[in-house]
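Here is what each chain is made of, one letter per residue.
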Amino acid sequence: MLKSWNEMRSLDISKYVKQRDKAYYLPWASCLKLLYENGAEKVSFRPLTNEAGSSLFMSEQVFTDKSGNTNRCYEVRVKIVIDDLEFEAQFPLMNGSNPVKDNSLTQQRLWNAQTRAFVKGVAM
């Protein structure tokens with residue numbers, strides 16, 4: 001059985017934390033490892049899809065920047081399962097600290113956002 005919230009929040013995870021572009025983060029694989037090491041017996045996450053079957057959710061409104069690049073507000077949603085708990089998390093598609101624009105939208109950015117949604121969802 002997974003340790004209590006108070007026990008989990010007191011864990012020293014500093015050896016798992018990485019830094020990229022001056023930002024600290026916990027890799028999703030380390031999050032998964034920590035959950036199993038602390039009592040979880042079943043952990044998974046999967047992308048949720050919109051009405052069209054895509055794992056990319058977006059606003060209807062199109063925005064154009066000063067360079068003429070277009071974008072929308074893009075996000076992903078995931079279903080997280082930890083033992084008998086099931087919940088959802090959503091996360092915006094980001095390029096560092098900037099939103100992803102149409103001209104830089106890739107499957108890798110979707111995957112990165114899905115794994116970040118998993119880690120942030122576990123944290124919440």
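The structure under discussion appears in the preceding block.
Owing to the predicted nature of the structure, the values given are computational and were not obtained by experimental measurement.

Chemist: Could you give an account of the overall build of the protein chain, with specific residues and numbers?
Modeler: Counting its secondary structure elements, the protein chain contains three helices and ten strands. The secondary structure elements of the protein chain, listed N-terminal to C-terminal, are α-β-β-α-β-β-β-β-β-β-β-β-α. Counting all 124 residues of the protein chain, 31% fall into the buried class. For the protein chain, contacts bridging at least 24 residues in sequence account for 51% of all contacts bridging at least 6. For the protein chain, the centre of its 17 positive side-chain charges and the centre of its 14 negative side-chain charges are spaced 7 Å apart.

Chemist: Tell me what's going on with the side chain of asparagine 71, and back it up with residues and numbers.
Modeler: With respect to the helices and strands, the residue asparagine 71 is situated in strand S6 (residues 70-71). Those residues within four positions of asparagine 71 in sequence are excluded, and the remaining contacts are Gln61, Val62, Phe63, Val100, Lys101 and Asp102.

Chemist: Let's hear about the environment of methionine 124: which residues, and what values?
Modeler: Along the chain, methionine 124 falls in the segment after helix H3 (107-123). Remark: the alpha-carbon pair of methionine 124 and alanine 89, spanning 35 residues in sequence, is separated by 9.0 Å.

Chemist: Any chance you could break down the pairing of strand S8 (residues 85-92) for me, citing the residues and the numbers?
Modeler: Note: strand S7 (residues 74-82) against S8, eight bridges, orientation antiparallel. When the sheet's bridge partners are listed, isoleucine 80 is paired in S8 with phenylalanine 87. Counting the residues in the hairpin turn of S7 and S8 gives two residues, including aspartate 83, whose phi is positive at 55°.

Chemist: A description of the environment of lysine 42 should follow, citing residues and the corresponding values.
Modeler: In this fold, lysine 42 is placed in the loop between helix H2 (28-37) and strand S3 (43-47). Residues lysine 42 and leucine 85 lie 43 residues apart in sequence; the distance between their C-alpha atoms is 9.7 Å. If sequence neighbours within four positions are ignored, lysine 42 has contacts with Tyr36, Val81, Ile82 and Asp83.

Cut-offs and rules
- Residues numbered from 1 in each chain as written.
- Predicted model: local features only at pLDDT ≥ 70, side-chain atom pairs only at ≥ 80, totals over all residues.
- Heavy atoms only, no water.
- Helix = DSSP H or I, 4+ residues; strand = E, 2+ residues; numbered from the N terminus.
- Buried < 20%, exposed > 50% of the residue type's maximum accessible area, 1.4 Å probe, protein only.
- Contact = heavy atoms within 4.5 Å.
- Lys, Arg positive; Asp, Glu negative; His and termini not counted.
- Charge placed at Lys NZ, Arg CZ, Asp CG, Glu CD.
- Pairing = 2+ DSSP bridges.

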